[in-house]
Structures are given as C-alpha cells and as structure tokens.
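Residue-level structure breakdown
Single-letter residue listing:
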Amino acid sequence: MFEEKYLKLLSREYPNIEKASAEIINLRAILSLPKGTEYFLSDLHGEHEAFIHMVKSASGVIRSKIDEIFEKRLPEKERDKLASLIYNAEAELERRQREESDFNEWCRVTIYRLIEVCKSVSTKYTRSKVRKRLPKDSAYIIDELLHADDESNKTHYYNEIINSIVECQVAEQFIIELSDTISRLAVDRLHIIGDIFDRGAHPDYIMEYLMKFHDVDFQWGNHDIVWMGAATGNWACITNVIRMNISYNNFDMLEIGYGINLRPLAVFAAKVYVDDPCTYFAPHMLDRNTFDPVDEQLASKMHKAIAIIQHKVEGQRIMSHPEYKMDHRLILDKIDSQKGTIRIKDMEWELRDTNFPTIDPTDPYKLTEEENLLMNTLEASFLESEKLQEHIKFLYSHGAMYKCVNGNLLYHGCIPMTEEGEFEDVTLNGSTHKGKAFMDYLDDEVRKAYFNPLASDETGISGDIMWYLWLGSKSPLFGKDQMTTFERSFIADKKSHKEYTVPYYKLVNNRETCEKILKEFGLNPDTSHILNGHVPVKIKDGESPVRGGGKLFIIDGGISKAYQKQTGIAGYTFIFNSRFMALAEHKPYSPMKEDGSQEFHAPTIKIVENMPVRLTVKTSDIGEDLQLQVEDLKNLVRAYRSGLIKESK
Ligand SMILES: O=P(O)(O)OC[C@H]1O[C@](O)(COP(=O)(O)O)[C@@H](O)[C@@H]1O
Ligand SMILES: [Mn+2]
C-alpha cells in the first residue's frame, strides 16, 4: 500500500516507461563513472585570497592537468601563464592586454587551450552534470565547443564559434567564465573542516564565495560556533567576536561587511580610556582597511573596552553554569589593585596594566549602565545584520558538528576522551553523554539555540552552549584546558598564557585510538580515516600532519597569516579522488604586486594512500543512494507493465 503510494508519487516525475527507463540508464551511467574529487580545507581564518586561490587551483590539480596536456607542446613559462589565467582570469587578462601585440589572436589561442583543459577536467562527469556546472549565459557555446571537434568535419564549425566569440568582443567574458568552469569541474565537492572566521580580513567574502559553490559542507570550528552564538544574540559570544576582530584590525568586515555599528563602542572607549594609551591592546596590522580605517589609538581603546566587558559577561555565564566547571576562570574578583597583581589558580602574577576604571571591586562582574546600553546596541546589530544572518543560516544548513562521508570522519577539534583513552562522559545542562552521542547532542542543542531556544535544554541565556563550545575544556571544538585571553593581554609572564591540549591529541598518535573513534561513528576502522583541523601543525618543529599510523590527518597548517611564523608553511589541504588520497603542503600565498604581477607557488603533493582499484561513484556514499533510486525506478517500470499504475505522457 505504502509502496503503491510512493510509486504513484514517483510516477509524477517519470510518467511513463520511456522516461523511467531513460533515468535508469542515466543513473547507471553515473554509477560507473570515476568518483569525483573531494577537496578538504580547514582553518581558513578569513584569508579569502589564499582560500580562493586554493580552490581555484584545486591544490595543484589544475597545474598537473595543464602539464599532462601541454608538456610536449608548450614551454613551462606558457603553462605557468595558462595556470595563472585559470586561478585569476581577470588579473591575467589585464596583464595580457598590456603585453600582447595581437590581443585578439591571444584570446583565440587561449580559448582553444582552455577548452582542452576543460575537456580533461570534465571527463569524470556525465554531459548533463557538466552542463549544470556551466555558467548560464555561455553554457550552450561551451557545451558545443566541448563536443564539436570530435568529428573532423566539425573543425570548421568549431573554429567559426571561436572566431565569432572574438569578433563579437565577448572573448574576455568568455575566458573568465571558462576559467571559472574549469576550477568548478576540478573539484566535485568541498569540505571545510572549521574555522572560517577570525584573524584574517574577510570571512564574509569566503562565505559569499562558498554560498555560490556547487557542493560544500562545513564541520563547525570553535571560531564559527562563537559567531553562530553571536548571531543568536549571546553577549559572551558577541564580546569575543568583536574583541578578536578589533584585535586584528578587521573594521571593514565588521562595519562594512556585516554592518555592525561600532560607533557606541568607539565613543564609550574614547571617553573611558581618554588618558590610557591601552598599549597592550594595539591591534595586529596584517591587512589594511580599505573603507573603514580606524585610528590605531582608538582601536586599542575599543579593544580594551570590549575585552573588559567580555571578562565581566563571561564571569556571569560561569556563575550561571556550575556544570561548566569553569570557576577557575573567574578572574576579575582576583585582582589586587593595591599590589597590582592577580591570583590565578594559587599563583600570583604581576599585572602590566592596572587601569580598570569600569570595574567595581565590590561587584566586579557587573556591567556599568553605559556598558549595558552599549551591549544592547551591539546585540541589535548582530540580530539585525541581514548579511550575517544569511551567512549563519548557511553554516547551519550546510554544517554540523561532524560528518561521515565516503569512509572519512570529519570534525574540527577532538572527541573528549579520558587519559586512559575512553570516551569521556560530559554533563551539560543536566544531560550526560559521551562519544558520538555527545556530538549528536551538541549538534541538536546548537540548532535549537538559534532556531528554537524554548525547546533546548539550555539553562542560562540562549547561545551559552555556543560560548561553552568556543572555550570550554570539554568542548570537542576547543580541546584545551582553558583559554587564557585575560592573561595574554594583562600579564607579561608568558608562563601564565599556557593552554594545555586535552589527552585526545596524544592519544590519537596511537592507531588503536583512531580505530576506536572510527568504530564509534559506525565506520570501518580498516579502511576509514579521520580528518581533523584546529591545531596548527608546526612543520618547522618537525611535527607531521599524519597521526595514528596514517589513520588521522590534521590539516591545519596555517593558511592564517597570523600563524605562518609558527608553522613554517601556509597550510595543508587534503585531496581524495578516484585514485588516491593526498596531502598538499602549501607555500605562503603571495598577493598581487603593485605592478600587477603575481607569483604562484605550486604546493607539494604527497600521496598518503593509493586506492587498490579506481573508485567509482558506485562505491561512494552517493552511489548507495543512486542504486536505491535505480531499484525504485525498476519497481515503477514493473508497476507500469503490470498495469498497477497507468502511464501518461
Ligand atoms: O593568537 P590569537 O589570535 O591571539 O588567539 C589565541 C587564541 O586562539 C586560540 O588558539 C583558539 O583559536 P584556534 O581555534 O584557531 O586555535 C585560543 O586557544 C587562544 O587563546
Ligand atoms: Mn579552531
């Protein structure tokens, strides 16, 4: 009965034997194609240019295709230029326009070459899938070019199309679209293993790019979850987000990108810290603001003002949630203004800054009236920012705490474990969970906090769970014992800044631990792998991204400019195609120079596992779905044949 109903519904889409059979043939053709290339990135930290370059170059995949096709026909320099064109067509076109004596001829030759590359990256897909990835306006022409020269008598037709493109003066647009199509085809699916936000200038641009990408998923990082909490209106999250981004001078993103009104904070800070240079709050100057340059002095004052509000608000959250077990992070009541010291966990530290005009020593966690008003305005800015809310909703709809995909387990930080290597029971809001069940519980609560706070277990203010996930010691997204933000700004002695990672990070050096985690998530421990982000791999100190005897890969190598000194490289990406799994080790991204030139450094690719046989779509997760669809369609055809369901046109 149920099946008949279902088949009737299906018959709306495939109303007769012919249509249903055509789809069966199509699906079976797809199943036999090679598995598409999956591309994994993590810890993007607002570095939009480096990120877009990584996606467009597909971590060296484009370059190796060009070499494969043109090695015998074009000198290396020419191949470099063709690659640069695909990475950033607008910029390369500008350079060519200046340098080529016959620009039209260059366009003509370039279109031929791009079509060859495009053909090569589209061989893994059905024609219909390729068509879907083509830009709307030039889809028809590209489709023709991709297939026109198969027969020699079509060569004339092929040349005519290219000549017309050049003569109609649409060659540049066409080249841009074709280049973009090539990058899109080179990567079938993107996985972002957390931390899109903070430190770098433009996570907002990264989100815009990803929202247009054909297939992307996220595993939330601690820096994403704190923005998700801020977008929920949680003050502990809001203050953290603003503090961090002012500390990296990201005013363009905050005020222009997301429309967060920082004027009240500026006015407040300038007044409260009028004679305080706020020396230890000077922002890092990695990127300049184009639209919203804020005077460095004022930025330092704003940074200190929001940091103090953060410590007050956080103290309130700690007191409301005894189960967070964060009493040791109650800091402000431990300040001894007379002595200029602070006592943290039985240690006394000297403060390098003792000017706290807004802290009432008898009630140090209470916001002043002005601070309270200021927080109300900031909350409104976060709740009302259409762009931010749109980006956060996308993070929700395409993201999760973890993901199992094609035999890989993806998560940003860790799975809480005891020193003995058992999954650790964690109690939050009166509910105790461990392992996969804990991740599922958190996933659920994070969604409720934003979409349906009344249905959540949350005992404090909505979004506290996101704040806990940002810095709590049992947070799978954080994985450290504490976040020493206060110490980093107020105490010179670096010993006080120490943050220790949880046992997980040692345990995963053992293969058995990794296998145990994979099993917990329902994956086959013999064939599956874990992909982790979050902890920068310090190559220069001899660290390796490969752990657990090759069962786990940590791919945070520091795309973040702020961390490149520590890691010695510019990040890892991971590639899983039909033939192998590989780590790509990147060199720092060099931005375009004033004269318009730009150097690209190909990453070093290390194959970490070769597939015993070439993988097909059939063996991938999607393959399972497609096979079920084929079965359903076969049942539908049977129902038509037996007369159970009537065919229509
Ligand atoms: O180097 P910054 O930007 O001051 O940030 C330091 C803070 O960032 C953290 O490392 C968290 O960020 P990550 O998730 O990128 O590691 C904290 O543990 C630390 O207190
Ligand atoms: Mn992180």
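Treat the numbers as computed from the prediction; the structure is a model and nothing was measured.

About the criteria used
- Residues numbered from 1 in each chain as written.
- Chains lettered and ligands numbered in written order.
- Predicted model: local features only at pLDDT ≥ 70, side-chain atom pairs only at ≥ 80, totals over all residues.
- Helix = DSSP H or I, 4+ residues; strand = E, 2+ residues; numbered from the N terminus.
- Rg over C-alpha atoms; globule rule 2.2 N^0.38 Å.
- Buried ≥ 20, exposed ≤ 12 C-beta atoms within 10 Å, placed from the backbone.
- Contact = placed C-beta atoms within 7 Å.
- Pairing = 2+ DSSP bridges.
- Domains from an automatic or database assignment.
- Nonpolar A, V, L, I, M, F, W, Y, C, P; charged D, E, K, R; others polar.
- Expected span 1.5 Å × (residues − 1).
- Near = placed C-beta within 6 Å.

Looking now at the overall build of the protein. From N to C terminus, the protein includes 26 helices and 17 strands. Here the protein has a C-alpha radius of gyration of 28 Å; the compact-globule value for 649 residues is 26 Å, and the two agree. Counting only C-alpha atoms, the protein reaches 90 × 70 × 45 Å along its principal axes. In the protein, which comprises 649 residues, the share counted as buried stands at 42%. Contacts in the protein between residues far apart in sequence, at least 24 positions, make up 71% of those at least 6 positions apart.

Mapped onto the secondary structure, L44 falls in the loop between strand 1 (38-41) and helix 3 (48-57). A sequence separation of 516 residues divides L44 from S560, and the C-alpha atoms of the two residues are 6.4 Å apart. For L44, the contacting residues outside a window of four places in its chain are F51, I192, D195, I196, I206 and I559.

This part is about the pairing of strand 6 (residues 347-350). Pairing of strand 5 (residues 341-344) with strand 6, which is carried by four bridges, proceeds in the antiparallel orientation. Within strand 6, the position partnered with I342 by the bridge is W349. Once strand 5 ends, the chain turns through two residues before running back antiparallel as strand 6, passing K345 with a positive phi of about 45 degrees.

Partitioning the protein into domains gives domain 1 (2-32 + 621-642), domain 2 (38-193 + 533-615) and domain 3 (222-386 + 416-526). A separation of 37 Å is found between the C-alpha centroids of domain 2 and domain 3. Contacts between the two partners involve nine residues from domain 2, matched on the other side by 12 residues from domain 3. Each residue belonging to the side of domain 2 that touches domain 3 can be placed in one class, and the counts come to three nonpolar, three polar and three charged.

Each regular strand shows side chains that alternate between the opposite faces of the sheet. The side-chain alternation of strand 1 yields two buried faces, one formed by E38 and F40 and the other by Y39 and L41. Bridging between strand 1 and strand 2 (residues 189-192) involves four bridges; their strand directions are parallel. The partner of F40 across the bridge, within strand 2, is H191. When strand 1 meets strand 15 (residues 572-576), the two strands line up antiparallel, connected through three bridges.

The next point concerns helix 17 (residues 296-320). Helix length check: helix 17, at 25 residues, gives a terminal C-alpha distance of 36 Å against a target of 36 Å (1.5 Å per residue), a fit within 8%. Of all 25 residues in helix 17, 19 are buried, a share of seventy percent or more.

This part is about the site of ligand 1. All residues adjacent to ligand 1 are D195, R199, N222, H223, K480, M483, T484, T485, E499, H534 and A562. Of the residues in the shell around ligand 1, the class split is two nonpolar, five polar and four charged.

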